[in-house]
Amino acid sequence: MKDQLFAANQSDKKRNHRYIIDVQENNAVSTELTLHCGFPSMIKKPRPTPISSSSFLHSSIVVSTRKEPDGVSKESSELKTLARDTANERIYSPEEERKMRLKHPVWTKLVHYDPWKIKKRLTGSDLGNHCRLLVASALVKNHIFPFMGSEIVEKIRGEGAEFCFWDCDTNTGLNLVLKYWHTSKSYIFNKGWQNNFVKRRHLVEGDLIGIYWDFTKKIFNFAVLERACEVYP
């Protein structure tokens, strides 16, 4: 009887020991490498994107409308602006540059301003016994009347109006009368033209004179622009 009990206890101990070993084997982490022949997964993993210098420059530029904090220096802001301009810079070929200039022409030619609105090459009738300077009607209407009042214009068309003339060559102030001459349907300067201008300035046929109204000083400016001896030596 004792032998049977002993054998039963030994059998129970072996059974319990085997159970413990099985439990430990099941809970252990296997480090054995196995080959897997299944199909690959359909989930696509994100592929790393190579970072170039240009893409880094574009991605590093952030345009922000918020105010820079006090700790940010002015130099950092200028560097951001410089980087943005450099990123947007484009090098044009000579042909492209020429086409752009044609689309946006810039006039760089200097134009000389000529104030002498009334010019006349003196003729024999301007220097003769008539003692008057004949001026075309269109010149008076375009370059004199727009600066005059209605009363002065009516006076010029009637009995005539007296004006001060400033000789720019000799810095001399003289007077002349401007009036409408019905015979030739034009305008004339007289009452002082022969003595104060023709004789004093030694004007001859072929001399080119200039006259314009100075609206700031309310006078006529006069000058001899070209001598006949210079044109016809």
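Residues numbered from 1 in each chain as written. Predicted model: local features only at pLDDT ≥ 70, side-chain atom pairs only at ≥ 80, totals over all residues. Heavy atoms only, no water.

> It is not clear to me how the environment of Asn175 should be interpreted in this structure. Could you clarify?
For Asn175, the position within the fold is in strand β4 (residues 172-181). Judged by its relative accessible area of 38%, Asn175 is partly exposed. With sequence-adjacent residues up to four places away left out, Asn175 is seen in contact with Glu162, Phe163, Cys164, Lys191, Gly192 and Asn196. A distance of 3.5 Å separates polar atoms of two side chains, one belonging to Asn175 and the other to Glu162. (Helix = DSSP H or I, 4+ residues; strand = E, 2+ residues; numbered from the N terminus. Buried < 20%, exposed > 50% of the residue type's maximum accessible area, 1.4 Å probe, protein only. Contact = heavy atoms within 4.5 Å. Polar contact = N/O pair within 3.5 Å; in protein donor to acceptor, adjacent residues only side chain to side chain.)

> Help me understand the sheet that holds strand β6 (residues 208-214), please; the structure alone is not making it clear to me.
Within a sheet, adjacent strands bond to each other through the backbone by hydrogen bonds, running parallel or antiparallel. Taken together, the seven strands give an open sheet; going across it, the order is β1-β6-β7-β3-β4-β5-β2, and neighbouring strands pair in mixed fashion. Only two strands of the sheet have a single partner each, and these edge strands are β1 (118-121) and β2 (133-135). In this sheet, adjacent strand axes meet at a mean angle of 30° when their direction is disregarded. Where β6 and strand β7 (residues 219-226) come together, seven bridges link them in antiparallel fashion. What sits directly across from Ile209, in β7, is Val224. (Pairing = 2+ DSSP bridges. Axes fitted to C-alpha atoms, helices over the stretch in contact; angles between N-to-C directions.)

> Is there a simple way to explain the packing of aromatic side chains in this structure?
Any pair of aromatic rings gets described here by the distance separating the centres and the angle formed by the planes. Applying the stated criterion across every chain, the model contains 14 aromatic pairs. Aromatic side chains Trp213 and Phe220 sit 4.9 Å apart centroid to centroid with 70° between the ring planes, which places their arrangement in the edge-to-face category. Neither Trp213 nor Phe220 differs from the other in exposure class; each is buried. Linked through ring pairs, Phe163, Phe165, Phe189, Trp193, Phe197, Trp213, Phe220 and Phe222 together constitute an aromatic cluster. (Phe/Tyr/Trp six-rings, centres within 6.5 Å; stacked < 30°, edge-to-face > 60°.)

> Explain the confidence of the model for the protein to me, please; I cannot follow it from the model alone.
Should pLDDT be low for a region, the predicted coordinates there are not to be read in detail. For the protein, the mean per-residue pLDDT works out to 74, and 54% of the residues sit at or above 70. When the elements of the protein are averaged for pLDDT, helix α2 (residues 53-59) gives the smallest value, 43, and strand β3 (residues 161-167) the largest, 96. Ignoring residues within four places in sequence, the model shows residues 28-44, a span with pLDDT below 50, making zero contacts including any to other chains. Long-range and interchain partners of residues 53-65, a stretch whose pLDDT sits below 50, account for eight contacts in this model, where long-range means more than four residues apart. (pLDDT = per-residue confidence, 0-100.)

> Explain the side chain of Asp214 here, please?
Along the chain, Asp214 turns up in strand β6. Buried within the structure, Asp214 lacks any salt-bridge partner; its nearest side chain of opposite charge belongs to Lys217, at an N-O separation of 4.6 Å. Looking at Asp214, its side chain comes within polar contact range of the side chain of Thr216, at 2.5 Å. Non-local contacts of Asp214, meaning those with residues more than four positions away in its chain, are made with Ile219 and Asn221. (Lys, Arg positive; Asp, Glu negative; His and termini not counted. Salt bridge = Lys/Arg side-chain N within 4 Å of Asp/Glu carboxyl O.)

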